[in-house]
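Commentary on secondary and tertiary structure
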Amino acid sequence: MVKHFLQFKDLSRDELLDKTVFDLRSDQSRPVADDQFREVLTRGALVFETEHRARGGRLLPVEVSSSGVEFQGRTYVQSIVRDQSELVAARRRLERQRD
């Protein structure tokens, strides 16, 4: 799974480990990232769509499912990121067919 994400983002494992979740977000999606992070901590979980930026500036539509996780007395945020490229492309094809 991590291997697919690294290919998806065009990153090496070491490059990924050197980044924060905010580094992965596109410039347009960063302003809401803090609010989404706080909402995960407040509500315990959150599912949202956003964009990540790959090497070279390519924008990647993703769905993020985040949950607050308690471990050894500390709260962490665990996120599962799903590539939504095919879904977005299918939506665009449907929209063009409707027009």
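Not measured: the values here are computed from a predicted model. (Residues numbered from 1 in each chain as written. Predicted model: local features only at pLDDT ≥ 70, side-chain atom pairs only at ≥ 80, totals over all residues. Heavy atoms only, no water.)

What follows deals with the pairing of strand E3 (residues 74-83). Sheet analysis places strand E2 (residues 59-71) next to E3, joined by ten bridges and oriented antiparallel. Looking across to E3, one finds that Phe71 is bridged to Arg74. The antiparallel hairpin formed by E2 and E3 contains two residues in its connecting segment, where Gln72 sits at a positive phi of about 50°. (Pairing = 2+ DSSP bridges. Helix = DSSP H or I, 4+ residues; strand = E, 2+ residues; numbered from the N terminus.)

This next bit is on the side chain of Ser26. As for its position among the elements, Ser26 is in the loop between helix H3 (21-24) and helix H4 (30-43). Apart from the residues within four sequence positions on either side, Ser26 is in contact with Glu51, His52, Arg53 and Leu59. (Contact = heavy atoms within 4.5 Å.)

Take the pairing of E2 next. Relative to E2, strand E1 (residues 45-53) is paired through nine bridges, and the arrangement is antiparallel. Of the residues in E2, the one forming a bridge with Phe48 is Val64. Linking E1 back to E2 in an antiparallel pair, the connection comprises five residues, with Gly56 at a positive phi of about 85°.

Strand pairing in a sheet relies on backbone hydrogen bonds. The paired strands run either parallel or antiparallel. Taken in spatial order, the three strands of this open sheet run E1-E2-E3, and their pairing is antiparallel. Strands at the two margins of the open sheet, each flanked by one partner only, are E1 and E3. When strand polarity is set aside, the average angle formed by the axes of neighbouring strands in this sheet is 35°. (Axes fitted to C-alpha atoms, helices over the stretch in contact; angles between N-to-C directions.)

Of the residues in the protein chain, 91% reach a pLDDT of 70 or more, and the chain-wide mean stands at 87. Considering each helix and strand of the protein chain separately, the mean pLDDT is smallest for helix H1 (residues 2-9), with a value of 61, and largest for E2, with 94. (pLDDT = per-residue confidence, 0-100.)

Opposite charge on two side chains makes pairing possible when the charged atoms of those side chains draw close. Using the criterion set out here, one finds six salt bridges in the structure. Put simply, Asp27 and Arg30 hold a salt bridge, and the shortest N to O gap is 3.1 Å. By relative accessible area, Arg30 is classed as partly exposed at 38%. Of the charged contacts in the structure, one is a salt bridge between Asp27 and Arg53, with a shortest N-O distance of 4.0 Å. Of this pair, Asp27 sits in the loop between H3 and H4 while Arg53 sits in strand E1, placing them 26 residues apart in sequence. On the basis of relative accessibility, which here comes to 27%, the residue Arg53 falls in the partly exposed class. What emerges from the salt-bridge pattern is a single network uniting Asp27, Arg30 and Arg53. (Salt bridge = Lys/Arg side-chain N within 4 Å of Asp/Glu carboxyl O. Buried < 20%, exposed > 50% of the residue type's maximum accessible area, 1.4 Å probe, protein only.)

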